[in-house]
Amino acid sequence: MGEFLNFQVIADNFVYFMIGRFPHGPLGGLGLTIYLAVVSCILSFFGGLILGILSIVKNPVIRYPVVLFINTVRGMPLLMVIFWMYFLMPALMGKTVPESRTVIAGLTLFTSAYMSQIVRAGIEGIPKGQTEAGISTGLKHWQVMLYIVLPQGLRNMIPSFVNQFVSLIKDTSLAFIVGVSELTHVATQINNRTMAYPTEIFIFIAFVYFVLCYAFTSLSRWLERRLAWRKAI
Amino acid sequence: MIRFTGVHKWFKDLHVLNDINLHVAKGEVVVVCGPSGSGKSTLIRTVNQLEPINQGQLVVDGMDLSDPKTDINKLRAEIGFVFQQFNLYPHLSVMKNITLAPVKIRGTAQKEATEQAMALLERVGLAHKHDAYPSQLSGGQQQRVAIARALAMRPKIMLFDEPTSALDPEMIGEVLAVMKDLAQSGMTMVVVTHEMGFAREVSHRITFMDHGVILEEAQPEEFFKNPRHDRAKQFLKQLLSPMH
């Protein structure tokens, strides 16, 4: 590496990059990035599922507000949603809320709105004959959804889910803006302290983000194969 | 068992069912035939309200379908429906396809439902396929599983919507044999089909439709020998000797 790229700065701060001040202080760095991503991912999976189903129910009293909400959130930059949560949540709840939680709320809200459209498309992509077969045996609509449509639809949704979650992993870097010490925030801290190695530091965190996203993509491909059933004619 | 009285249905401007009056008694096998677009599929789909009617009265198994108090899910559980495209659930095994509704709706224990499903699979000649997935079966086998799935709810009425139209010619016989067996067991059946051999041999009555109207209702022998209506004559001529 010599004079041009000196990765010693990475080795010297490796533990700080990975877990921040943990266990002597709060979790930070890559650990916090993963935490934010995993929690937001799980919450927005269910959020997207619920919003997606509600956005196609027949009853307009339920459907219209849900669709309005989805379109509003989809029409805003994520950064703005994070700011909103950061300032709104403590005001609404009347007490201080940890920054990381406001970020999770923002990411969840935003990703759920996008996920809902994947869910909607996945449900609508299942042939009508499947629903008709279900209701003609006497199953109620929610049973048809639960046992027939969703199991088939969710499998078709996996690739789109993965796209969304890979975006989510990268979007956790926006937590930087409200001072949550995830990977990007930690990187800028180290950069400010050491001054001389911005190239090395940002090549390194780019690489870490890449590995994280790639691992997740591979995991989902494995999941897809496992859930595969032979397609009907 | 099924009684249509002055039933009308429109798809926007299209009058798909025009003053339908039809009665199907318990144990009767009625074949509905007619050219495509004549409304015969719509007719059969109104019986379990896959298609709602717009006007008139339709009473099925003593329940009035236009009465908002009628529990439509309960009624559907009493009516088996077999589709042209089979519509088996591709993500479930043959066994699960059959046991899903009895377990979820009738509350049958899984073990008991499985035993009943095996008996039904034996009846349609597919007991050895209970572990297979729909895509591993031929069209004829899929349709026989679909019939077993409908029978698993122990329905009082079985409806067939062109059950052999999507099948290769060599598979039609195996499905018709199952249907014939079912007819002989006393099941009330309404069958939309172009299989005139089945109609002649198995049905008690043939209903001929065109443009949403029932043009003719007759005993099979009479229908084939002396169709009264010109449209029916033409239809039969085309169906029985398509080369002319």
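Further up the page is the structure itself.
## Points about the overall build of chain A
Logical step 1: Across its full length, chain A holds 10 helices and 0 strands.
Logical step 2: By its C-alpha atoms, chain A is 70 × 45 × 30 Å across when sized along the principal axes.
Logical step 3: Taken across its 233 residues, chain A has 44% of its residues classed as buried.
Logical step 4: Contacts in chain A between residues far apart in sequence, at least 24 positions, make up 72% of those at least 6 positions apart.
Logical step 5: Looking at chain A, you have 17 positive and 9 negative side-chain charges, and the mean spots of the two groups are 17 Å apart.

## Remarks on the overall build of chain B
Logical step 1: Within chain B, the regular secondary structure consists of 9 helices and 10 strands.
Logical step 2: Computed over the C-alpha atoms, the radius of gyration of chain B is 18 Å, within 12% of the 18 Å expected from 2.2 N^0.38 for a compact globule of 244 residues.
Logical step 3: Dimensions of chain B, computed from the C-alpha atoms along their principal axes, are close to 55 × 50 × 30 Å.
Logical step 4: Looking at the 244 residues of chain B, the share that counts as buried comes to 57%.
Logical step 5: In chain B, 65% of the contacts between residues at least 6 apart in sequence involve partners at least 24 apart.
Logical step 6: Element-wise, carbon and sulfur atoms account for 49% of the exposed surface of chain B, whose accessible area totals about 10600 Å².
Logical step 7: Across chain B, the mean location of the 27 positive side-chain charges is 3 Å away from that of the 27 negative side-chain charges.

## Thoughts on the sheet that holds strand β2 (residues 14-24) of chain B
All names here are of chain B.
Logical step 1: In spatial order, the strands read β2-β1-β4-β5; together these 4 strands make up an open sheet with antiparallel pairing. The sheet terminates laterally at β2 and β5 (63-64), the two strands that pair on one side only.
Logical step 2: With 2 bridges joining them, strand β4 (residues 55-60) and β5 adopt antiparallel strand pairing. For V60, the partnering residue across the bridge sits in β5 and is M63.

## Considering the packing of aromatic side chains
Logical step 1: Enumeration over the complete set of coordinates arrives at 14 aromatic pairs over all chains.
Logical step 2: One Lys or Arg, R63 of chain A, reaches over the ring of Y64 of chain A and ends 5.1 Å from the middle of that ring.

## Here we look at the packing of helix α7 (residues 128-136) of chain A against helix α8 (residues 141-171) of chain A
Residues and elements named next belong to chain A.
Logical step 1: Relative orientation of the contacting elements α7 and α8 amounts to 140°, with a least axis distance of 9 Å. Comparing their axes, α8 and α7 come out oblique. Two packed elements cross with a definite hand, and for α7 against α8 that hand is right-handed. Listed contacts from α8 to Q130, T131, G134 and I135 of α7 are H141, V144, I148, V149 and Q152.
Logical step 2: Of the residues belonging to the contact of α7 with α8, the class tally is 4 nonpolar, 5 polar and no charged.

## Quick word on the interface of chain A and chain B
Logical step 1: Each partner contributes to the interface: chain A provides 22 residues, whereas chain B provides 25 residues.
Logical step 2: When chain A packs against chain B, close to 2100 Å² is buried across both sides, 61% of that on carbon and sulfur atoms.
Logical step 3: The partner of R45 of chain B in a salt bridge is E132 of chain A, with the nearest N and O atoms 2.6 Å apart.
Logical step 4: At the boundary of chain A with chain B, the tally comes to 5 residue pairs in polar contact (both at pLDDT 80 or more).
Logical step 5: When contributions to the side of chain A that touches chain B are tallied by element, the ones reaching two or more residues are α7 and α8 of chain A.
Logical step 6: The element contributing the most residues to the side of chain A that touches chain B is α7 of chain A, with 8 residues.
Logical step 7: Residue classes in the side of chain A that touches chain B are distributed as 9 nonpolar, 8 polar and 5 charged.

## What to know about the pairing of strand β10 (residues 213-218) of chain B
Residue and element names in this part refer to chain B.
Logical step 1: Sheet topology places strand β9 (residues 205-210) next to β10; 5 bridges connect them, and they run antiparallel. Note that in β10 the partner of T207 across the bridge is E217.
Logical step 2: Joining the antiparallel neighbours β9 and β10 is a turn of 2 residues, in which H211 adopts a positive phi near 50°.

## A short note on unusual backbone geometry
Logical step 1: Residue F22 of chain A is joined to P23 of chain A through a cis peptide bond whose omega torsion reads 0°.
Logical step 2: Located in the positive-phi region is Q49 of chain B, a residue other than glycine, with phi close to 60°.
Logical step 3: Relative to the elements of secondary structure, Q49 of chain B occurs in the loop between α1 (40-47) and β4.
Logical step 4: Accessibility expressed as a relative area gives 24% for Q49 of chain B, which makes it partly exposed.
Logical step 5: A positive phi angle, near 55°, is found at N87 of chain B, a position not held by glycine.
Logical step 6: Relative to the elements of secondary structure, N87 of chain B occurs in the loop between β6 (79-82) and α3 (94-106).
Logical step 7: Taking the relative accessible area as the measure of exposure, N87 of chain B reaches 14% and is therefore buried.

## A short note on the nonpolar core
It is characteristic of soluble globular proteins that their nonpolar side chains tend to be buried jointly.
Logical step 1: Within the largest apolar cluster, 67 residues are counted, with the highest numbers of intra-cluster contacts made by I2, F4, I20 and V60 of chain B.
Logical step 2: The dominant element in this core, judged by the number of residues it contributes, is helix α6 (residues 99-124) of chain A, at 9 residues.
Logical step 3: Of all hydrophobic cores here, the second largest spans 49 residues; its members include A132, A152, M171 and A199 of chain B.

Reading the values: rules and limits
Residues numbered from 1 in each chain as written. Chains lettered and ligands numbered in written order. Predicted model: local features only at pLDDT ≥ 70, side-chain atom pairs only at ≥ 80, totals over all residues. Heavy atoms only, no water. Helix = DSSP H or I, 4+ residues; strand = E, 2+ residues; numbered from the N terminus. Buried < 20%, exposed > 50% of the residue type's maximum accessible area, 1.4 Å probe, protein only. Contact = heavy atoms within 4.5 Å. Lys, Arg positive; Asp, Glu negative; His and termini not counted. Charge placed at Lys NZ, Arg CZ, Asp CG, Glu CD. Rg over C-alpha atoms; globule rule 2.2 N^0.38 Å. Areas by Shrake-Rupley, 256 points an atom, 1.4 Å probe, with all protein chains shown as cover. Pairing = 2+ DSSP bridges. Phe/Tyr/Trp six-rings, centres within 6.5 Å; stacked < 30°, edge-to-face > 60°. Lys NZ or Arg CZ within 6 Å of the ring centre and 35° of its normal. Axes fitted to C-alpha atoms, helices over the stretch in contact; angles between N-to-C directions. Parallel < 35°, antiparallel > 145°, perpendicular 65-115°, else oblique. Left-handed = near helix turned anticlockwise from the far one by under 90°. Nonpolar A, V, L, I, M, F, W, Y, C, P; charged D, E, K, R; others polar. Buried area = accessible area lost by both parts, 1.4 Å probe. Salt bridge = Lys/Arg side-chain N within 4 Å of Asp/Glu carboxyl O. Polar contact = N/O pair within 3.5 Å; in protein donor to acceptor, adjacent residues only side chain to side chain. Core = buried A, V, L, I, M, F, W, Y, C linked by side-chain atoms within 4.5 Å.

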